[in-house]
Amino acid sequence: MTSLHIRKLAFAAAGISTLSSCVIPDDTSSIAKVDATTAAARKEMVGLSEADVRMCAGFPSATADVGSSGQIWTYQRTVQRSNLSIAVPTLAVGAIPAVGGSVNVAPGGYCNTQIRMLNGHVAEVAYAGDNNLPNSRDALCVSTVDACVAYARQHRYKVPAVSR
């Protein structure tokens, strides 16, 4: 190989190495903002009845009786997203060290939305799982609670009919 080819390969390897160092961390909680819809659900769903939650979120994937603390309803969502995976072959040319690896952008995730029911009404909403996006925490949970936030807003602010 000529020295020009070696320099081109070294430049390409350096670029690939730099690209692979730009991987998004698994835990984005310190840099990402909480999703607005999931944050609203923590407040606006409180007080909805069991029937209301079944209307807006469907039937839970699992339930657990927690004694005097009520019941916990769990809604499990697995999110399959299109995935971009770049694999770079390992290169070693003369004195240049081996460079290679892969970058995985937008892998899938899952969300467990937990709703505590106390005396037949929502007392608390929480989220668990691999549910963050690079710029938004709990974002993969939106599909579980977005309809409930809209439902709560629609039904809470209706003025009751006045009988004469």
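Quick look at the structure, then. (Residues numbered from 1 in each chain as written. Predicted model: local features only at pLDDT ≥ 70, side-chain atom pairs only at ≥ 80, totals over all residues. Heavy atoms only, no water.)

### Some words on the pattern of salt bridges
The tally for this structure, following the rule as stated, stands at 3 salt bridges. In this structure, the salt-bridge partner of Arg42 is Asp138, at a minimum N-O distance of 3.4 Å. Taken together, the positions of Arg42 in helix α2 (residues 36–44) and Asp138 in the loop between β8 (136–137) and α4 (142–156) put the pair 96 residues apart, joining distant regions of the chain. Across the salt bridge formed by Glu44 and Arg153, the nearest N and O atoms sit 2.7 Å from each other. Here Glu44, found in helix α2, pairs with Arg153, found in helix α4; they are 109 residues apart in sequence, far enough to count as distant. (Salt bridge = Lys/Arg side-chain N within 4 Å of Asp/Glu carboxyl O. Helix = DSSP H or I, 4+ residues; strand = E, 2+ residues; numbered from the N terminus.)

### Considerations on unusual backbone geometry
Even without glycine at this site, Asn119 takes up a positive phi of about 55°. With respect to the helices and strands, the residue Asn119 is situated in the loop between β6 (109–118) and β7 (121–128).

### As for the packing of helix α3 (residues 50–57) against α4
At their nearest, the axes of α3 and α4 sit 8 Å apart, and the two run at 125° to each other. With respect to each other, α3 and α4 are oriented oblique. In the crossing of α3 with α4, the sense of the turn from one axis to the other is right-handed. Where α3 approaches α4, its residues Asp52, Val53, Met55, Cys56 and Ala57 are matched on the opposing element by Thr144, Ala147, Cys148 and Tyr151. Split by residue class, the contact of α3 with α4 holds 7 nonpolar, 1 polar and 1 charged. (Axes fitted to C-alpha atoms, helices over the stretch in contact; angles between N-to-C directions. Parallel < 35°, antiparallel > 145°, perpendicular 65-115°, else oblique. Left-handed = near helix turned anticlockwise from the far one by under 90°. Contact = heavy atoms within 4.5 Å. Nonpolar A, V, L, I, M, F, W, Y, C, P; charged D, E, K, R; others polar.)

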